[in-house]
Amino acid sequence: MAALIVKNGYVFDPLNEINGEVMDVFIKDGKIVSGLSEAEIKDAKVIDATGKTVMPGGVDSHTHIAGSKVNSGRFMRPEDHYKYNKPKTDITHSGCGETTKTVYLEGYEYAQMGYTTAFEAAVPPMKARHTHEEMRSIPMLDMGAYLVLGNNWFMMRYLKEGDMEKAAAYISWMMRAHKTYGIKCVNPAGVENWGWGENVSSLDEANIHFEITPREIIKGLCELNEELGIPMPMHLHANNLGHPGCYETTLESLAIPSKIKARQDLAVEWAETKIDPSRDRSIYLTHMQFNAFAGTSWRDFESGVKPLADYINKNEHVVIDSGCVPFGNATCMTGDGPSIHDIAVLTGGKWSNCDVDLECGSGVCPFTYLKNNPVHSVQWAMGLECLLLIDNPWQAIMTTDSPNGGPFTKYPIVMSWLMSNSFREQTFDECHKWANDRSELGGVDREMSLYDIAILTRANPAKTIGMVHRKGSLGIGADGDVTVYDIDPTKLDVNNHEELIRKFSRAAYTIKGGEIAVKDGEIVSLPNQRTYYSDITVDETAEKAMLADVKEWFRYYSIGFKHYPTPEKYLTNPTAINVNTEK
Amino acid sequence: MAEVKLTPNKEIDLKVEADVITPDEFAGKGKSEIEQLLVWQGPSQYPLSDFFDVEGEGGSSAEDTTIVINGDVSRVKLIGAKMTAGKIIVKGSTGMHVGSQMAGGEIVVEGDADSWPGMEMTGGVLHIKGNAGDHVGSAYRGSWHGMKGGRLIIDGNARSQIGGGMTGGEIIIGGSIENFCGIRQTGGLIVVKGNAIRAVGAEMSGGTIVIGGNIQKFTPGMQNEGEESDLEFEDIKCSGTFKKFRGDFAIAKNPKGIVYAGKETNPDL
Amino acid sequence: MKFLLNTGSTIDEGRLAKGGNKYSEEYKKECAVCWISPEDFDLLGCPEKVKVTSTDGRYSIVVNTKCTDRVMCGNIFMPRAIWSNVVVNPWTFSTGSPLYKGSPVTVEPSDDEVLDAEDVVLKLYYGGE
Amino acid sequence: MVVKNVVCPVCGGSCEDIQVELKDNSITVKNACKMGNGKFQEVVSEHRIKDPMIKKDGKFVKVSWEEALDKAAEILANSRRPLLFMGSETSCEAQEVGLHMGEYLGGVVDSNATICHGPTCMGIQEAGLPTSTCGVAINRSDLNIYWGTNPLASMPRHMSKYGLFPRGYWTKRGRFDRKVITVDPRKTDTAVASDLHIQLQPNSDYELLNALLTILNGKTPHHSVEQVTGIAISVMEEMVDMMLEAKFGSINVGLGAGSSFGKHRNIEMALNLVKELNNNHGTKFRIGALRGHCNVAGFNQIATYLYGYPFALDFARGYARYNPGETSCVDLLREKDVDAALVLGADLVGHTPADSAKYLCQIPMVCIDIAPGPTPSGADVLLPGVIDAFECDGTFYRLDNVPVYFEPFTDSPFDFTKSNEDTMKQLFAKVKELKEKA
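Everything quoted here is computed from the prediction, not taken from an experiment.

Helix and strand content of chain B: two helices and 19 strands. Projected onto the principal axes, the alpha-carbon positions of chain B cover approximately 60 × 35 × 30 Å. The buried share of chain B, reckoned over its 269 residues, is 63%. Put simply, 38% of the contacts in chain B that link residues at least 6 apart link residues at least 24 apart. Within the structure as shown, chain B displays about 9,000 Å² of accessible surface, and the carbon and sulfur contribution to it stands at 44%. With 26 positive and 36 negative side-chain charges, chain B shows a spacing of 7 Å between the two charge centroids.

See below:
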């Protein structure tokens, strides 16, 4: 592969504290290098980025694009597909779906926006093969996936019994068996209760039969996460999600690991960055907006983002992603079965649910966010509050919890709201007055810079999930993933948000591993993708003892032990990250 | 008013999709331009003139354009799809999706129409003088939002899923129908002069259905609300006495859907 | 006589079909059969074989009878196989799925030969026109 | 040698506890049901299709693999609108090649769901699917409802593995901890083994389900429902009581619901019933379809994630469109709206109505199969099939959409192909070659 030079652009690389300097970026053999030899320069492909914005490739640390619940969404929503089609071209497959997109479209549309990396937020262990099968088919994106463990019978048993050694061994075995990357915890203790049509309502309510509380599960998983040195913090979807007043539960949940020190133990070669690439957070709260509802009912519903943001501003152990709501069509899908059920009861619309043997569950329902709906308009404001009221952008990540708040293709709109106060004002004018009355957003005049945007969409998601050895920066040794937007920062007019949206939507170039994947918003080649998973070292004796338990309880599974794991065959370029090797 | 005459010039084997046959597409175009409009047959596109002899030219606007199809086009789909104004007269039968998503203007089919006429239509008049297949004026798969406005008239019989997810407009059927008429209806009016087989108004929560003839298998979630005579819905009149039902209580605790069933024709209800 | 035709699997139909024995005598014996309730069987005159004719009258098939109280009066059952599918109504109500269960058919006693599966293909589908 | 944990490629049960011992000309099988055992014998059967064949003057003649493949590719490349039928008796991997080929050719791709649980898929599209994996029902369900299905004939181990007898975590006494209701117009063996048999009139599933929901919503159904369904309202009320008394109920629907008059609307209503049962009635319910064909669920899953729809995908315009009744196999054949076909691992001639089967026999058809039968007889090119889970590895999706990875216990008997996936890939390469030449 010829070397590549991205010449003369305004570079935004927050992990290297580069803020709009005009410079060249060099890529050789798929990696960022400090420079090229004269011979290499002669053969190199040159991209003239004069007057353009250059950033590392976009990283989405929380999205729903692969696996059984995503596919349930696609399956039940032909009406989401029939008017949103992209025909095949000589190099691309066809695709469809506005909110529940087909796999090919997911890869293409992320790349067209300048993203090169996306992590699937929830994998039910028994269906991990399905998630990987889909990820294998998603073109261009480097991916990983988080394993759902917060209502797992083995996990709950070990935590209840306080058998942390076996619990650690279980996590290590499960990550390897299912080729997954980090721990996801969804409505801990509550989803198990949903097996009987119930939920839990507070952090200290023990669930049926297993008699463990959400607090105990969160604490246990956070401790184990750091003991094992897992790349990312424990990834929490807090209890009571989507219910007025849930922000209080969230606040309490965030405090649980406040004393747990982050410990990331990866055997990787880090790319060169000015900022310490290792993570310093011990909890990663996802789609904060959905976990920040205040009030006691839909009538006195209001934003509870402020108290949460205040807490986060004072407590460095927390990082969040926002779960923004850009209005329009969405599909709600989550491992939180009871919360989706409640939404479906509210909408009266279609509803899917799938509880999984001994492990977890999920729910899916279509949703449309309307500007004239009071609650939806507050949710719009709340999503932006999550990013604007948290002072330190290194504690926040921009998402829509795609496709829950809206499909990822609406990221450019969210980025523009963050950068443009006038655009927010315009939206306030268009939507229900609750948006202004019941949130703090109207009083915020903060306008984010391209540097901030680069933190929220590249540097921080990569740092948070422990991928800075490859992603999120243009440091030497990082993957040659570069986005060029046709935005001249010196002439940037954030009042012209229409143009901003258009330019974020269609990258001038998306370079993936040194190959030009997108030019002028069109797919021009299909670079290979990669799947990352954690290979965690644990004590062999503990592993043996744990496996004996697992095999004994396996009779409650409907699948045999031999057919439970996911073979590597289902992964494209499987890339194990060795974890906990120092111990 | 300019008139374009299309005469089928050959037997069609694989079905043709001709969503270009609308006054909107023809407006402002001369004969040869119309001839060159592309239609689909399988994955290939061919000029319209491969299947039709074209006479005349389009008017200055869709409103000023009338299209007359002079013969049987029962293997041509999507005629008049998405049209907004003007008129199409089909002097024969049409294939599927005639007037699908139409928003305005008028289509008259003198023969029969296959399934999906007027899918999700929002305005205009679609008049089929013969019989129609399934999904008259209904929503697409998975959607609960069917016909929103306009008027759909079928002089003959129609089959199943008429007005599925209908939210507005009127469907008037002169003959008899089969199953699931008005399923998931939330608004609008369906009037059927003849008989129905089954599940009239199933899962409806709003809107009105009138069945003049006999209903073979009644929807269990309908609750009797007495009788009414000589119904009037603006310009649409249904004379005689009807048993009135509200439902579908299978789908909602307080549904607002109304079904009228002819009293004489339904002694067992 | 008019009946509603129900088709479906039987365990031996499954065993033979999955075992690749669709052209065996055993398969024909299992599947080229019309189950009739005792009352209807009597009404038909206890025939050894019947001719079943499709709703539109365009296709007929001759099969053996089996008198059983497993089906209700007015219904017949035939194992899902080529014989039953000859007379299943091909209209799908815009669902893609023909009326494998509940097709109205006509049944009358017959002395004609019960065709092998292969002959159904060759005689009805190839030679039929 | 005895091989354990072999996956059975017959029905949607995807049993993965089969033991086989393969000797020169015989195979001994343990744990498989009657149907499964029948299929396992195919490995050593006399009638296995071993040679590629082309029909010349109405008679099959043996030809080389290359010649057969060339002819097959020619049929597909020359077609103006091919139908590719990716049957359920093969892996997702093979089906995926078929979908890609269909997209490339602008043809139509369909699978067994279209003549099986297609209406169930369509019902899900109207209402959503409140379900669970099978283990959840095993561990929790104290009420099991078989609606329009006779698993003893279509999925023989369903009752012992998933439905009636299994001893789960909260159902340690198996059958004694469960009640069973069967809804079926026939008095099947399943019905006989149930606590309550609702012997409804054929084609009245919709009315029965609608009435049950009406009762659940606190109203009395219209009296005519008794005559329509043949079931007394008091019995319906008893059934609703049994449902509400259950801690966890599991409904298994079969083709009796999806394939009778009413089709997807029957399923939609069943799904609505399950949805309502989960709305604060103090019980929890799930529903699942008994997928009779081996990997029919797999096609639905991969077609959905690759192209957006579970079956009946029409690629004419360069992207998939979906409209059963228009883009589905039986209708396309009946309407003579395709001009060539490829049938992989399915007996379409045997299992579609006469009009469709007849037209299929008339147009050029390529068939990939393992044993003689109506579809191979109707083909113009016959390519020998490889048996998935016996002779090659791959993926099936189980009835509850859990993917199962299977590995072979022997090799493909052919030197020209390793698997149906391999055959499909070879064929696709030839088709591309021909198309690009033209």
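What follows concerns the environment of D:Asp24. On the secondary structure map, D:Asp24 appears in the loop between strand E2 (18–22) and strand E3 (27–30). Residues D:Asp24 and D:Gly36 lie 12 residues apart in sequence; the distance between their C-alpha atoms is 20 Å.

The next point concerns the sheet that holds strand E4 (residues 53–56) of chain D. All names here are of chain D. The nine strands are arranged E5-E4-E18-E17-E16-E6-E7-E14-E15 in an open sheet whose pairing can be described as mixed. One side of each edge strand has no neighbouring strand; the edge strands of this open sheet are strand E5 (59–62) and strand E15 (321–322). Pairing of strand E6 (residues 82–86) with strand E16 (residues 340–344) involves five bridges; the strand directions are parallel. From the neighbouring strand, Leu83 faces E16, where its bridge partner is Ala341. Across the sheet, helix H3 (residues 92–105) is in contact with E6, strand E7 (108–111), strand E14 (313–314) and E16; its angle to E6 comes to roughly 165°.

Applying the stated criterion to the full structure yields 15 cavities of 30 Å³ or more. In terms of lining residues, the second largest cavity is bounded by 41 residues, among which D:Leu129, D:Thr131, D:Leu399, D:Asp400 and D:Asn401 are the most central. Considering each element in turn, the lining of the second largest cavity owes the most residues, six residues, to helix H2 (residues 68–76) of chain A. Taken together, the residues of the lining of the second largest cavity break down into 18 nonpolar, 18 polar and five charged. Counting the residues that make up the lining of the second largest cavity, at least three belong to each of domain 1 (49–115 + 295–437) and domain 2 (118–289) of chain D.

To continue, consider helix H10 (residues 305–314) of chain A. For H10(A), the complete set of buried residues consists of A:Val305, A:Leu308, A:Ala309, A:Tyr311 and A:Ile312. In an axial view of H10(A), the angular spread of the buried residues amounts to 160°, which keeps them on one side of the axis.

Residue and element names in this part refer to chain D. What the three strands build is an open sheet, ordered E1-E2-E3; its pairing is antiparallel. Of all the strands in the sheet, just strand E1 (2–6) and E3 have a single pairing partner and so form its edges. Across the sheet, the mean angle separating the axes of adjacent strands is 20° when strand polarity is ignored. Sheet topology note: the E1/E2 ladder contains three bridges and is antiparallel. When the sheet's bridge partners are listed, Val3 is paired in E2 with Val20.

Residue-level contacts link 48 residues of chain D with 46 residues of chain B. Summing both partners gives a buried area of about 3,900 Å² for chain D against chain B, and 46% of it is carried by carbon and sulfur. When the buried area of chain D at its contact with chain B is split by residue, D:Arg80, D:His222 and D:Arg317 rank highest and sum to 18% of it. The tally of links between chain D and chain B comes to nine salt bridges. Residue B:Arg198 is joined to D:Glu207 by a salt bridge in which the shortest nitrogen-to-oxygen separation is 2.8 Å. Along the contact surface separating chain D from chain B lie 31 residue pairs in polar contact (both at pLDDT 80 or more). Sorting the residues of the side of chain D that touches chain B by element identifies helix H4 (118–127), helix H9 (205–216), helix H10 (224–229), helix H13 (264–277) and E15 of chain D as the ones contributing at least two each.

Okay, the domain arrangement of chain D next. Residues and elements named next belong to chain D. Under the domain assignment, chain D is made up of domain 1 (49–115 + 295–437) and domain 2 (118–289). The centre of domain 1, based on its C-alpha atoms, is set 34 Å off from the matching centre of domain 2. Counting residues at the interface gives 10 residues for domain 1, matched by 12 residues for domain 2. In total, domain 1 and domain 2 occlude about 880 Å² of area from one another, counting both sides; carbon and sulfur atoms represent 63% of this. The tally of links between domain 1 and domain 2 comes to zero salt bridges. Our count for the domain 1 to domain 2 interface comes out at three residue pairs in polar contact (both at pLDDT 80 or more).

All names here are of chain D. For the pair H9 and helix H11 (residues 233–245), the least separation of the axes is 10 Å and the interaxial angle reads 65°. H9 and H11 meet at a crossing whose hand is right-handed. Note on element contacts: H11 touches H9 through Met236, Glu237, Met239, Val240 and Leu244, opposite Leu208, Ala211, Leu212, Ile215 and Leu216. Partitioned by chemical class, the residues of the contact of H9 with H11 number nine nonpolar, no polar and one charged.

This part is about the nonpolar core. Within the largest apolar cluster, 285 residues are counted, with the highest numbers of intra-cluster contacts made by A:Ile171 and D:Trp147. Composition of this core by domain shows at least three residues from each of domain 1 (49–115 + 295–437) and domain 2 (118–289) of chain D. Excluding anything up to four places from it in sequence, A:Ile171 contacts A:Leu149, A:Met155, A:Ile183, A:Leu221, A:Leu224, A:Leu228, A:Ile230 and A:Ile536. Grouped together as the second largest cluster of nonpolar side chains are 60 residues, C:Tyr27, C:Val52, C:Ile82 and D:Leu348 included.

Further remarks concern the pattern of salt bridges. Residues and elements named next belong to chain B. Under the defined criterion, the tally for this structure stands at 88 salt bridges over all chains. Lys87 is the partner of Glu106 in a salt bridge, and the nearest nitrogen-oxygen pair spans 3.8 Å. Pair noted here: Glu106 is in strand E9 (residues 106–109) and Lys87 is in strand E8 (residues 87–90), with a separation of 19 residues, a long-range link. Overall, Glu106 belongs to the partly exposed group, its relative accessible area being 29%.

Further remarks concern the interface of chain D and chain A. Of the residues lining the interface, 66 residues belong to chain D; the matching set on chain A comes to 55 residues. Between chain D and chain A, a total of about 5,100 Å² is buried, with carbon and sulfur atoms accounting for 55% of that surface. On the chain D side of the interface with chain A, the three residues burying the most area are D:Tyr169, D:Lys284 and D:Tyr305, jointly 14% of the side's total. The closest approach of N and O atoms between A:Lys562 and D:Glu407, which form a salt bridge, is 3.5 Å. Put simply, chain D and chain A have 40 residue pairs in polar contact (both at pLDDT 80 or more) between them. Breaking the side of chain D that touches chain A down by element, the ones donating at least two residues are H3, H4, strand E8 (130–132), helix H5 (134–140), helix H14 (296–307), strand E19 (394–397) and strand E20 (403–406) of chain D. With seven residues, H14(D) is the largest single contributor of residues to the side of chain D that touches chain A. In terms of residue class, the side of chain D that touches chain A is made up of 30 nonpolar, 21 polar and 15 charged.

So, about the arrangement of the chains. Highest in contacts among the five pairs of chains that touch are chains A and D. Chain C makes no contact with chain A, the minimum C-alpha separation between the two being 14 Å.

Another point: helix H18 (residues 540–553) of chain A. Residue and element names in this part refer to chain A. The end-to-end C-alpha separation of H18 is 20 Å, in line with the 20 Å expected for 14 residues at 1.5 Å each. Looking only at H18, the buried set comprises Ala542, Glu543, Met546, Leu547, Asp549, Val550 and Trp553. Buried residues of H18, viewed axially, fall in a sector of 160°; they line one side. Turned more than 90 degrees off the buried face of H18, the exposed positions are Glu540, Thr541 and Lys544.

With that settled, the discussion passes to the packing of aromatic side chains. Counted according to the given criterion, the structure contains 57 aromatic pairs over all chains. Measuring from centroid to centroid gives 5.0 Å for A:Phe293 and A:Phe301, while their planes differ by 85°, and the two rings are edge-to-face. For A:Phe293, a relative accessible area of 3% translates into the label buried. Each ring, one from D:Phe311 and one from D:Tyr322, has its centre 5.6 Å from the other, and the planes form 90°; the classification is edge-to-face. One end of the pair, D:Phe311, is in the loop between H14 and E14; the other, D:Tyr322, is in strand E15, and 11 residues separate them in sequence.

This part is about the pairing of E2(D). Residues and elements named next belong to chain D. Both E2 and E3 contribute to a ladder of four bridges, which runs antiparallel. Residue pairing in the sheet places Leu22 in a bridge with Ile27 of E3. Connecting E2 to the antiparallel partner E3 that follows it, the hairpin turn spans four residues.

When you tally the buried positions in E16(D), you get five out of five residues, the bulk of the element. Side chains D:Ala340, D:Leu342 and D:Leu344 of E16(D) all project onto a buried face; the interleaved residues D:Ala341 and D:Val343 project onto the opposite face, where all are buried too.

So, on to the packing of helix H6 (residues 164–178) of chain A against helix H8 (residues 214–227) of chain A. For any two helices packed against each other, one specifies the crossing angle of their axes together with the interaxial distance. Residues and elements named next belong to chain A. Axis separation between H6 and H8 bottoms out at 10 Å; the angle between their running directions is 70°. The orientation of H6 relative to H8 falls into the category roughly perpendicular. Like other packed secondary-structure pairs, H6 and H8 cross with a definite hand, here right-handed. Contacts between H6 and H8 involve Met164, Ala167, Ala168 and Ile171 from the first element and Gly220, Leu221, Glu223, Leu224 and Glu227 from the second.

What counts as what
Residues numbered from 1 in each chain as written. Chains lettered and ligands numbered in written order. Predicted model: local features only at pLDDT ≥ 70, side-chain atom pairs only at ≥ 80, totals over all residues. Heavy atoms only, no water. Helix = DSSP H or I, 4+ residues; strand = E, 2+ residues; numbered from the N terminus. Buried < 20%, exposed > 50% of the residue type's maximum accessible area, 1.4 Å probe, protein only. Contact = heavy atoms within 4.5 Å. Areas by Shrake-Rupley, 256 points an atom, 1.4 Å probe, with all protein chains shown as cover. Lys, Arg positive; Asp, Glu negative; His and termini not counted. Charge placed at Lys NZ, Arg CZ, Asp CG, Glu CD. Pairing = 2+ DSSP bridges. Axes fitted to C-alpha atoms, helices over the stretch in contact; angles between N-to-C directions. 1 Å grid on protein atoms, 1.4 Å probe; cavity = no way out; pocket = protein on both sides within 12 Å on 5 of 7 lines; lining within 4 Å. Points joined across faces, edges and corners; volume = space filled by probe spheres on them. Nonpolar A, V, L, I, M, F, W, Y, C, P; charged D, E, K, R; others polar. Domains from an automatic or database assignment. Arc of directions from axis to C-beta. Buried area = accessible area lost by both parts, 1.4 Å probe. Salt bridge = Lys/Arg side-chain N within 4 Å of Asp/Glu carboxyl O. Polar contact = N/O pair within 3.5 Å; in protein donor to acceptor, adjacent residues only side chain to side chain. Left-handed = near helix turned anticlockwise from the far one by under 90°. Core = buried A, V, L, I, M, F, W, Y, C linked by side-chain atoms within 4.5 Å. Expected span 1.5 Å × (residues − 1). Phe/Tyr/Trp six-rings, centres within 6.5 Å; stacked < 30°, edge-to-face > 60°. Parallel < 35°, antiparallel > 145°, perpendicular 65-115°, else oblique.

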